[in-house]
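Residue strings, one per chain:
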Amino acid sequence: MNSKNLIQIKQFCVYHEIENNFIMELNNYGLVEIIVEEDDQYFHSKQLPEIEKMIRLHYDLKINMEGIDAIAHLLNKIETLQQNLIATQNKLRLFEHRQTE
């Protein structure tokens, strides 16, 4: 894996002033994928926005890990439904366009 796309968990936690254990808990709930390389733990940079969102939920809004898990699940479900809606709307437009020809 390309190491420039990895963020070291230790450094990330120091920067955000959070405990390393928080990221480990996210991993235990399946919300974050941890990558171990050379005895260090990392996560992929594409996970950064989601992790920062979960940090705000936990530390700013005082939502526990079970709540974060439920919120993440619901947000993923909404995103999937939105993608399905867009695909359906596109098919409908195509169908309507064929009908007018």
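You'll find the structure just up there.
This section reports on the structure supplied with the text. Here the structure is a predicted model, which means the values were calculated and not measured. Counting of residues starts from 1 at the beginning of each chain's written sequence and follows it residue by residue. Reporting of local features is limited, given that this is a predicted model, to residues whose pLDDT is at least 70; pairs of side-chain atoms are given and counted only at 80 or more, and all residues count toward the totals for whole chains, interfaces and linings. The side-chain figures draw on all heavy atoms in the structure; neither hydrogens nor water molecules are used.

## Thoughts on the overall build of the protein chain
By the criteria applied, helices consist of DSSP H or I runs no shorter than four residues and strands consist of E runs no shorter than two, each listed in order from the N terminus. Scanning the protein chain for helices and strands turns up four helices and three strands. Ordered by position from N to C terminus, the α and β elements of the protein chain give β-α-α-β-β-α-α. Along the longest, intermediate and shortest principal axes, the C-alpha atoms of the protein chain span 65 × 35 × 20 Å. Classification of residues uses two cut-offs on accessible area relative to the type maximum, computed with a 1.4 Å probe and protein chains only: under 20% is buried, over 50% is exposed, and between them is partly exposed. Here the protein chain holds 101 residues, and the buried ones make up 27% of them. The contact criterion used throughout is that any non-hydrogen atoms of two residues lie within 4.5 Å. Of the contacts made within the protein chain by residues no fewer than 6 positions apart, 58% connect residues no fewer than 24 positions apart. Within this scheme the basic residues Lys and Arg register as positive and the acidic residues Asp and Glu register as negative, but His and the chain ends are omitted. Charge positions come from single atoms, namely NZ of Lys, CZ of Arg, CG of Asp or CD of Glu. With 10 positive and 16 negative side-chain charges, the protein chain shows a spacing of 10 Å between the two charge centroids.

## Considerations on the nonpolar core
What we call a nonpolar core is a set of buried Ala, Val, Leu, Ile, Met, Phe, Trp, Tyr and Cys residues that are connected through their side-chain atoms within 4.5 Å. The biggest cluster of nonpolar side chains holds 19 residues, and the ones touching the most others in it are Phe12, Phe22, Ile23, Leu26, Ile51 and Ile68. For this core, the secondary structure elements donating two or more residues are α1 (9-16), α2 (20-28), α3 (48-60) and α4 (65-100). Each residue touching Ile68, except ones within four places of it in the same chain, is listed here: Phe22, Leu26, Leu31, Met54, Leu57, His58 and Ile63.

## Observations regarding the sheet that holds strand β3 (residues 40-44)
A pair of strands is treated as paired once DSSP finds two or more bridges between them. Across the sheet, which stays open at both edges, the three strands sit in the order β1-β3-β2 with antiparallel pairing between neighbours. For this open sheet the edge positions go to β1 (6-8) and β2 (35-37), each flanked by a neighbour on one side alone. The mean angle between the axes of side-by-side strands here comes to 45°, regardless of whether they run parallel or antiparallel. The pairing of β1 with β3 spans three bridges and is antiparallel. Bridging across to β3, Leu6 finds its partner in His44. Every axis corresponds to a line fitted to the C-alpha atoms, with the helix fit spanning only the stretch in contact, and the corresponding angles, defined between N-to-C directions, vary from 0 to 180 degrees. The sheet strands contacting α1 are β1 and β3, and the helix crosses β1 at an angle near 65°.

## Considering unusual backbone geometry
Positive phi is not limited to glycine here, since Glu38 has a value of about 50°. Mapped onto the secondary structure, Glu38 falls in the loop between β2 and β3.

## Concerning α4
Compared with the 52 Å implied by 1.5 Å per residue over 36 residues, the 52 Å span of α4 between its first and last C-alpha is a close match. Of all the positions in α4, only Met65, Gly67, Ile68 and Ala72 are classed as buried. Looking at the buried positions of α4, the neighbouring elements they touch are α2 and α3. One less than the residue count of a helix, multiplied by 1.5 Å, gives the span that helix is expected to have.

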